[in-house]
Amino acid sequence: MRPEPSRSTCSAKETPPVPDATELELTAQELRDANAESVLDTDFHRGRATLIANPEHVLVVLGALRSKGYTFLASLHGCDYYPHEPRLGILYELLDMRRVDRITVKARVHTDTPRIASTVELFPGAEFPEREVYDMFGVVFDGHPDLRRILMPEDYEGFPQRRDFPIGGEPVLFTYNDETSYGKWQ
């Protein structure tokens, strides 16, 4: 019979466990001891443990967490913190399936140079989420095997999930207005 894996002490049984605030600080200190510039800050808010990583060292942070047992990349998504700079955020939700713990790693990049290292080598499942973040927010993932648009057409200009993207969209061609609006449909 296998021993019961230890559970996080911070959450009730009905909520997903995360490292408690103390364990989060200890994890951040371990990462800082290995690389002093890797972790900029920590945040423990509403039961969610977040490491704020230096975008230049995000692979080091994710690799160290993977070796600690956080082997499943549950989610990778982008966020726009307009009007604050660095404005574009990349969030990595990692899961330790043995201890049933989850942790978030957040890195923020400036809009003038939105570049960060690709995590596809560490987590092969990151390939399509990275393409989606590139397509919607314009963050370039250096070293990605196939970085191109995934949701929008290749010739589309702009990044629709950025908060400064113009609202209103494009006019839709209907059959009743095809000759009066932009010309005859082919």
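Everything that follows concerns the structure shown earlier in this document.
All of the points below concern the structure found in this document.

Brief notes about the pairing of strand β5 (residues 101-109)
For β5, the buried fraction is high: seven of the nine residues fall into the buried class. The pairing of strand β4 (residues 88-96) with β5 spans nine bridges and is antiparallel. In the strand pairing of β5, glycine 89 is matched with arginine 108. Between β4 and β5, which pair antiparallel in sequence order, lie four residues; one of them, valine 100, sits at a positive phi of approximately 55°.

Comments concerning the sheet that holds strand β2 (residues 48-53)
Read from one edge to the other, the open sheet built from five strands follows the order β1-β2-β5-β4-β3, with strand pairing classed as mixed. The open sheet is flanked by β1 (39-45) and β3 (72-80), the only strands paired with a single partner. The average angle at which neighbouring strand axes cross in this sheet is 20°, direction not considered. The sheet strands contacting helix α2 (residues 58-67) are β1, β2, β4 and β5, and the helix crosses β5 at an angle near 175°. Sitting on the sheet, helix α3 (residues 127-137) touches β3 and β4, and the angle it makes with β3 is about 5°.

Describing unusual backbone geometry
In this structure, the amide linkage connecting tyrosine 82 to the following residue, proline 83, adopts the cis form with an omega of 10°. Structurally, proline 83 can be placed in the loop between β3 and β4. In this chain, glutamate 85 is followed by proline 86 through a cis amide linkage whose omega measures -5°. With a phi close to 55°, arginine 46 is a non-glycine residue in the positive phi region. As for its position among the elements, arginine 46 is in the loop between β1 and β2. Residue arginine 46 is classed as exposed on the basis of its relative accessible area of 79%. With phi around 55°, valine 100 is a residue other than glycine that occupies positive phi space.

Topic: the nonpolar core
Counting residues in each nonpolar core, the largest one holds 32 residues, and the members touching the most others are Leu51, Tyr92, Leu94, Val105, Ile116 and Val139. Those elements that place two or more of their residues in this core are α1 (21-34), β2, α2, β3, β4, β5 and α3. Beyond its immediate stretch of four places on either side in the chain, valine 105 contacts Leu51, Ala53, Val58, Val61, Leu62, Leu65, Ile90, Leu91, Tyr92 and Leu94.

Thoughts on a nonpolar patch on the surface
A cluster of nonpolar side chains, contributed by Phe128, Ile150 and Leu151, occupies part of the molecular surface with about 280 Å² of accessible area. Along the chain, leucine 151 falls in the segment after β7 (140-142).

Considering the pairing of β2
As a general feature of sheets, a regular strand has side chains that alternate between the two faces. Buried residues dominate β2, accounting for five of its six residues. With six bridges joining them, β1 and β2 adopt antiparallel strand pairing. When the bridges of β2 are listed, valine 39 appears paired with alanine 53. In sequence, β1 turns back onto β2 through a hairpin of two residues, with arginine 46 there showing a positive phi of about 55°.

Concerning the environment of leucine 24
When you line up the elements, leucine 24 lands in helix α1. Judged by its relative accessible area of 1%, leucine 24 is buried. Other than its neighbours up to four places away in sequence, leucine 24 contacts Pro19, Thr42, Asp43, Phe44, Ala49, Thr50, Leu51 and Ile103.

Side note on the environment of threonine 119
For threonine 119, the position within the fold is in the loop between β6 (115-117) and α3. Excluding anything up to four places from it in sequence, threonine 119 contacts Leu59, Leu62, Leu76, Tyr92, Ala126 and Glu130.

Criteria and cut-off values
Residues numbered from 1 in each chain as written. Predicted model: local features only at pLDDT ≥ 70, side-chain atom pairs only at ≥ 80, totals over all residues. Heavy atoms only, no water. Buried < 20%, exposed > 50% of the residue type's maximum accessible area, 1.4 Å probe, protein only. Helix = DSSP H or I, 4+ residues; strand = E, 2+ residues; numbered from the N terminus. Pairing = 2+ DSSP bridges. Axes fitted to C-alpha atoms, helices over the stretch in contact; angles between N-to-C directions. Contact = heavy atoms within 4.5 Å. Core = buried A, V, L, I, M, F, W, Y, C linked by side-chain atoms within 4.5 Å. Patch = residues over 30% accessible without salt bridge, like charges linked within 9 Å, V, L, I, M, F, W, Y side chains within 5 Å. Areas by Shrake-Rupley, 256 points an atom, 1.4 Å probe, with all protein chains shown as cover. Salt bridge = Lys/Arg side-chain N within 4 Å of Asp/Glu carboxyl O.

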